[in-house]
Amino acid sequence: MSTLPLPFFSGTSTRAPFSFSLKSSPPSAASSSSSSSLVPFQRVELFRSTSTRTTRSFSCVFYSLKAKAMAELVQDKESGVAATGSSGGGRPEVEHSRTFLEARSEQELLSGIRKEVEAGRLPPNIAAGMEELYQNYRNAVFQSGDPSAVEIVLSNMAVAFDRMLLDVEDPFVFEPYHKALREPFDYYMFGQNYIRPLTDFRNSYVGNLSLFYEIEEKLKQGHNVVLISNHQTEADPAIITLLLEKTNPHVAENMIYVAGDRVITDPLCKPFSMGRNLICVYSKKHMYDVPELVEMKRKANTQSLKQMALLLRGGSKIVWIAPSGGRDRPDPLTEEWYPVEKQIGERRNISFHGAGLSVAPKISFQEIAAACEKSEEAKDVYSQALYKSVTKQYNVLKSAVHGKQGLEASTAGVSLSQPWN
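Residues numbered from 1 in each chain as written. Predicted model: local features only at pLDDT ≥ 70, side-chain atom pairs only at ≥ 80, totals over all residues. Heavy atoms only, no water.

Caption draft 1: The pattern of salt bridges, seen in detail. Applying the stated criterion to the full structure yields 11 salt bridges. Residue Glu102 is joined to Arg98 by a salt bridge in which the shortest nitrogen-to-oxygen separation is 3.5 Å. On the accessibility criterion, Glu102 (46% relative accessible area) is partly exposed. Residue Arg98 is classed as partly exposed on the basis of its relative accessible area, which comes to 39%. We note a salt bridge from Asp167 to Lys270, for which the minimum N-O separation is 2.9 Å. Here Lys270 lies in helix H8 (residues 270-273) and Asp167 lies in helix H3 (residues 149-169), a separation of 103 residues in the sequence. Lys270 carries the same exposure label as Asp167, and that label is buried. Look at the salt bridges and you will find they share partners, linking Arg182, Asp186 and Glu253 into a network. (Salt bridge = Lys/Arg side-chain N within 4 Å of Asp/Glu carboxyl O. Buried < 20%, exposed > 50% of the residue type's maximum accessible area, 1.4 Å probe, protein only. Helix = DSSP H or I, 4+ residues; strand = E, 2+ residues; numbered from the N terminus.)

Written out as structure tokens, the structure is:
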């Protein structure tokens, strides 16, 4: 397996990796014990494949929508009502209240939340989160100046609320390897269309687009690609795919994300997670939060690693990981981003803003290991190389998006473009 610096995933391979960067906040300094780089640095074991196929690894940097966390929940205004029946890995739809889908105004939508609480179908704490999410999403979409903002908000939030209510009534359980649900309801497009109105494409950029084409070609040849990246918001997967949908739809739709338990347990987040390909894991940070669940979490992680090995053995897989084990948050004083602890059910702050995504040339763990005397030294050097690649790309994206330099922020190592224009 080969490795690429990408704020999302890392791996090892017989070939040199690429580096992929997504930018929304500057990465923090790497720790000496990391083996992969992302915006908080922590030890990440490299996956090894017994396949004869090569797995390539990239470093990615992401500059997400607005430093306040571009919405993690985004919905598909064109999804409408889900069809009946199931196929292709979907799950049958259960009969449930159509309160939100039948809403024809903001007042009806919000009163629907209270109606579902009174009927005992919606817990008050979830209802409060939904109402707050509505207000934040509404304000963010209105920031865009889109003349259809009223219709966009009502349509997207009606479907989002419907999916959240459905999951409360019939909770979805994620397997160790979750394949995006596209039928009978297309959760992937639901997420894309929800986040799209929050993305200011006029002030968004992709770095080193030619490398994304190279990644796509390697996948078609049977190689695996692993991305090491920073992670800023729950909306990162949607932003990545939105910025690549015009040029690299295969990469966008087939990416597999290593996901912590929070994005598959938070009721306001689950419907968006259901539309992504996920390897579900329990973070080491929270392994001992509930002592009686430690053994269960360990077994679940073992199953997830086995699934990962099987996927890589088959080849043509692209995997994203954030070695930090969590999302970055802005420091209240400096406004610089860094990894911090948050509880499930945290507030969703949403903004209309530009975003940035960049990938850098692959970094070979084997080449680094050959120049080091000890394996631990090689891991540290490798981690630092990935981290520096991500940081370098991040700073370019930050200058382009937050610094308003646009395409002029391009450097010799990071060429920016807007392929949707």
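Caption draft 2: Highlighting the pairing of strand S11 (residues 356-360). Counting buried positions along S11 yields 5 of 5 residues, so the element is predominantly enclosed. Here S11 shows a buried face lined by Gly356, Ser358 and Ala360 and a second buried face lined by Leu357 and Val359. Here strand S4 (residues 205-207) runs beside S11; their pairing, made up of 3 bridges, is parallel. Bridging from a neighbouring strand, Val206 pairs with Leu357 of S11. (Pairing = 2+ DSSP bridges.)

Caption draft 3: A look at helix H6 (residues 236-244). Within H6, 9 of the 9 residues are buried, which leaves the element mostly enclosed by the surrounding structure. When H6 is considered as a whole, its buried residues turn out to be Asp236, Pro237, Ala238, Ile239, Ile240, Thr241, Leu242, Leu243 and Leu244.

Caption draft 4: Up close: the packing of aromatic side chains. For the structure on display, the rule yields 11 aromatic pairs. Centroid distance Tyr187 to Phe190: 6.3 Å. Interplanar angle 85 degrees. Geometry classified as edge-to-face. One end of the pair is Tyr187 and the other is Phe190, both in helix H4 (residues 187-195) and 3 residues apart, which spans about a single turn. Taken as a pair, Tyr187 and Phe190 share a single burial class, namely buried. Aromatic ring contacts, followed pair by pair, group Tyr137, Phe185, Tyr187, Phe190, Tyr194 and Phe272 into a single cluster. Looking at Arg138, its charged tip hangs above the ring of Phe142, at a distance of 4.6 Å from the centre. (Phe/Tyr/Trp six-rings, centres within 6.5 Å; stacked < 30°, edge-to-face > 60°. Lys NZ or Arg CZ within 6 Å of the ring centre and 35° of its normal.)

Caption draft 5: How the structure looks around the UniProt feature "short sequence motif: HXXXXD motif" (unreviewed entry) in the protein. Listed under "short sequence motif: HXXXXD motif" (unreviewed entry) in the UniProt record, and renumbered for this structure, are residues 231-236. Spanning residues 231-236, this segment combines 17% helix with 0% strand, and its end C-alpha atoms are found 7 Å apart. (UniProt positions renumbered as here; feature names shortened; annotations may be inferred.)

Caption draft 6: Spotlight on the nonpolar core. Ranked by size, the top nonpolar core spans 74 residues in total, and within it Leu109, Met130, Tyr137, Met157, Phe161 and Ile215 carry the most contacts. The element best represented in this core is H3, accounting for 12 residues. Two domains each provide a minimum of three residues to this core, namely domain 1 (96-170) and domain 2 (172-335). Not counting chain neighbours up to four residues away, the residues in contact with Met130 comprise Phe100, Ile113, Leu122, Phe161, Met164 and Leu268. (Core = buried A, V, L, I, M, F, W, Y, C linked by side-chain atoms within 4.5 Å. Domains from an automatic or database assignment. Contact = heavy atoms within 4.5 Å.)

Caption draft 7: Representation of the side chain of Glu116 in the model. Mapped onto the elements, Glu116 comes out in helix H1 (residues 106-118). Residue Glu116 is classed as buried on the basis of its relative accessible area, which comes to 0%. A polar contact of 2.5 Å, which involves the side chain of Glu116, links it to the side chain of Arg121. If near-sequence neighbours (up to four positions away) are discounted, Glu116 is found in contact with Ser97, Thr99, Phe100, Arg121, Leu122 and Leu165. (Polar contact = N/O pair within 3.5 Å; in protein donor to acceptor, adjacent residues only side chain to side chain.)

Caption draft 8: Seen up close, the packing of H1 against helix H2 (residues 124-143). One can describe the packing of H1 onto H2 by two numbers: an axis separation of 9 Å at closest approach and a directional angle of 165 degrees. Taken together, the axes of H1 and H2 lie roughly antiparallel to each other. In this structure, H1 meets H2 at a crossing whose hand is right-handed. Where H1 abuts H2, its residues Glu106, Leu109, Leu110, Ile113, Arg114 and Val117 lie against Pro124, Ala127, Met130, Glu131, Tyr134, Gln135 and Arg138. In terms of residue class, the contact of H1 with H2 is built from 8 nonpolar, 1 polar and 4 charged. (Axes fitted to C-alpha atoms, helices over the stretch in contact; angles between N-to-C directions. Parallel < 35°, antiparallel > 145°, perpendicular 65-115°, else oblique. Left-handed = near helix turned anticlockwise from the far one by under 90°. Nonpolar A, V, L, I, M, F, W, Y, C, P; charged D, E, K, R; others polar.)

Caption draft 9: Spotlight on the pairing of strand S8 (residues 318-321). Going residue by residue along S8, you find Ile318 and Trp320 tucked away on one face and Val319 and Ile321 tucked away on the opposite face as well. With 4 bridges joining them, strand S5 (residues 224-229) and S8 adopt parallel strand pairing. Each residue of the ladder has a partner; that of Ile228, found in S8, is Ile321. Bridge analysis of strand S6 (residues 256-259) against S8 gives 2 bridges, and the strand direction is parallel. Among the inter-strand pairings, Tyr257 is bridged to a residue of S8, identified as Trp320.

Caption draft 10: Region of the structure containing the side chain of Ser204. Tracing the chain through its elements places Ser204 in the loop between H4 and S4. Using a relative accessible area of 0% as the deciding quantity, one classes Ser204 as buried. From its side chain, Ser204 meets the backbone oxygen of Asp200 in a polar contact 2.7 Å long. Once residues within four sequence positions are removed from consideration, Ser204 is found in contact with Thr199, Leu243, Gly354, Ala355, Gln418 and Trp420.

Caption draft 11: Structural view of the environment of Lys404. Mapped onto the secondary structure, Lys404 falls in the loop between helix H11 (375-401) and strand S12 (416-417). A relative accessible area of 62% places Lys404 in the exposed class. In sequence terms Lys404 and Asn203 are 201 residues apart; their C-alpha atoms lie 7.9 Å from each other.

Caption draft 12: Structural detail: the confidence of the model for the protein. Model confidence for the protein is summarised by a mean pLDDT of 81, while 76% of its residues fall at 70 or above. Counted against residues more than four places away or in other chains, residues 5-52, with its pLDDT under 50, gives 325 contacts. The low-confidence segment residues 64-88, where pLDDT is below 50, has 114 contacts with residues more than four positions distant or belonging to other chains. (pLDDT = per-residue confidence, 0-100.)

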